[in-house]
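Understanding the architecture of this molecule
Residue strings, one per chain:
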Amino acid sequence: MSHTVEVRGVRIGEGIPKIIVPIVAETGEEILRDARNLRESGCDLVEWRADWFDNVFSFDRVREILEELRGILGDRPLLFTFRTKKEGGEKEIDPEAYAELNIRAAETGSVDLIDAELFTGDEIVSRMITEAHAAGVKVITSSHDFQHTPEKQEILARLLKMKTLGADILKVAVMPESRRDVITLLDATESFSSENPDVPIITMSMSGCGLVSRLSGESFGSAATFGAVGKTSAPGQIDAETLGNILEVIHKNS
């Protein structure tokens, strides 16, 4: 039986892949404006990409924004993400500071999930997972490759390492250089999800070339996908409403 992760009534790993919409804005005013706009979007989860925030290194301001986001979003799950520069994010950050920021965010009570980048290091990621779980927060462990698509066995190895570390949800995003790269990503997704039905995974091949991977999660085993309302956070994201309609059509005809 497949294992699902439930946050505020949203069951990730069951049925139609869940739609996550990112907030990518620099000022507090813009972040809260975008959050209000998302209330009518129909998305399942909201991701705050905190690395875009101009005051992200002032935790008092981060806490204030999180509290206001929680009030705006109501019961919609909130994922806190600081995407590091080396994995496609906006800012550099020291690994220890990265861990502290995520742990403190988890402890605010306003966040439902945090994102822990796999290559931050096993010890740090393990600590982030332990502390987040102690705060009642789920963890997505992630790996992003904006340069190329690793071989299938490497993708599988990354996913397995994430599972071994104790993450609740595993995420891999890669950049295709050819259509065959997209097939590699989808093949790895199907293989891992079939052999490890006890943990939800999120995979995607970025850019327009990889768009099919954002649409076919239910067919290959990816439990969620990212859509956009306004500004995108990664190459290949499409409008969340359009995405939802396509996922519904695939679900009804599967």
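Everything below is about the structure shown above.
Presented here is a report on the structure given in the accompanying data block.

About the thresholds
- Residue indices begin from 1 for each chain and proceed along its sequence in written order.
- Side-chain atom pairs in this predicted model are given and counted only at pLDDT of 80 or more, local residue features only at pLDDT of at least 70, and totals for whole chains, interfaces and linings cover all residues.
- Based on all heavy atoms of the structure, the side-chain values leave hydrogens and waters out of the count.
- Three labels apply to residues, based on accessible area from a 1.4 Å probe with only protein chains included: buried if under 20% of the type maximum, exposed if over 50%, partly exposed otherwise in between.
- Labels follow the DSSP assignment, with helices taken as runs of H or I lasting at least four residues and strands as runs of E lasting at least two, numbered in each case from the N terminus.
- Note on pairing: DSSP must find at least two bridges between two strands before they are called paired.
- Here the term right-handed applies to a crossover when the path leading from its first strand over the helix to its second strand runs clockwise, the strands being oriented away from the viewer.
- Here the nonpolar core consists of buried residues drawn from Ala, Val, Leu, Ile, Met, Phe, Trp, Tyr and Cys, with membership extended through side-chain atoms lying within 4.5 Å.
- In what follows, residue pairs with any heavy atoms lying within 4.5 Å of each other are defined as contacts.
- Put simply, a salt bridge is a Lys or Arg side-chain nitrogen that is within 4 Å of an Asp or Glu carboxyl oxygen.
- As a rule, the C-alpha atoms of each element are fitted with a line to give its axis, helices using only the stretch in contact, and angles between N-to-C directions run from 0 to 180 degrees.
- Pairing of aromatic rings covers Phe, Tyr and Trp, the last counted by its six-membered ring, and requires centre-to-centre distances within 6.5 Å; plane angles under 30 degrees mean stacked, over 60 mean edge-to-face, and any other angle means tilted.

1. Digging into the pairing of strand 6 (residues 113–117)
- The buried fraction of strand 6 amounts to 5 of the 5 residues, a majority that puts the element mostly inside the structure.
- Taking every second residue as pointing to the same face, both faces of strand 6 are buried, with Leu113, Asp115 and Glu117 on one and Ile114 and Ala116 on the other.
- Both strand 5 (residues 78–81) and strand 6 contribute to a ladder of 2 bridges, which runs parallel. Bridge assignment links Phe80 to a residue of strand 6, and that residue is Ile114.
- Chirality of the crossover, the property in question, places the unit of strand 5, helix 3 (residues 95–106) and strand 6 among those that are right-handed.
- Summarising the sheet, strand 6 and strand 7 (residues 138–145) pair through 5 bridges and their orientation is parallel. Of the residues in strand 7, the one forming a bridge with Glu117 is Ser142.

2. Description of the nonpolar core
- Core analysis: the biggest nonpolar cluster contains 62 residues, and Trp48, Leu69, Phe80 and Ile114 have the highest contact counts within it.
- Among the elements that make up this core, the one with the highest residue count is helix 2 (residues 59–73) (7 residues).
- Contact partners of Leu69, with chain neighbours within four places excluded, come to Ile23, Ile31, Leu32, Ala35, Trp48 and Leu78.

3. Some points on the pattern of salt bridges
- Scanning the entire structure with this criterion turns up 20 salt bridges.
- As a salt-bridge pair, Asp51 and Arg49 come within 2.8 Å of each other at their nearest N and O atoms.
- A relative accessible area of 0% places Asp51 in the buried class.

4. Points about the sheet that holds strand 6
- Taken together, 8 strands build an open sheet; the order of strands is 9-8-7-6-5-4-3-10 and the sheet is parallel. The sheet is open, and its two edges are formed by strand 9 (201–205) and strand 10 (224–226), each paired on a single side. Each strand axis lies, on average, 25° off the axis of its neighbour in the sheet, ignoring direction.
- Sheet topology note: the strand 4 (residues 45–49)/strand 5 ladder contains 4 bridges and is parallel. Its bridge partner lying in strand 5, Val46 is registered against Leu78.
- Along the sheet, helix 1 (residues 28–38) contacts strand 3 (18–23) and strand 4; its crossing angle with strand 3, the most-contacted strand, is approximately 155°.
- Its contacts with the sheet put helix 2 on strand 3, strand 4 and strand 5, and the angle it makes with strand 5 is roughly 155°.

5. Concerning the packing of aromatic side chains
- Considering all chains together, one arrives at 4 aromatic pairs under this definition.
- An angle of 45° between the planes, with centres 6.0 Å apart, marks the rings of Phe57 and Phe82 as tilted. Of this pair, Phe57 sits in the loop between strand 4 and helix 2 while Phe82 sits in the loop between strand 5 and helix 3, placing them 25 residues apart in sequence.
- Assessed through its relative accessible area of 55%, Phe57 is described here as exposed.
- Overall, the relative accessible area of 0% leaves Phe82 in the buried class.
- Taking the centre distance of 6.5 Å and the plane angle of 75° together, the rings of Phe82 and Tyr98 count as edge-to-face. Residue Phe82 is found in the loop between strand 5 and helix 3, and its partner Tyr98 is found in helix 3; the two are separated by 16 residues along the sequence. Per residue, the accessibility class of Phe82 equals that of Tyr98, and both read buried.
- Chaining the aromatic ring pairs together yields one cluster made of Trp48, Phe53 and Phe80.

Note that all results are geometric; they support no functional claim without further evidence.
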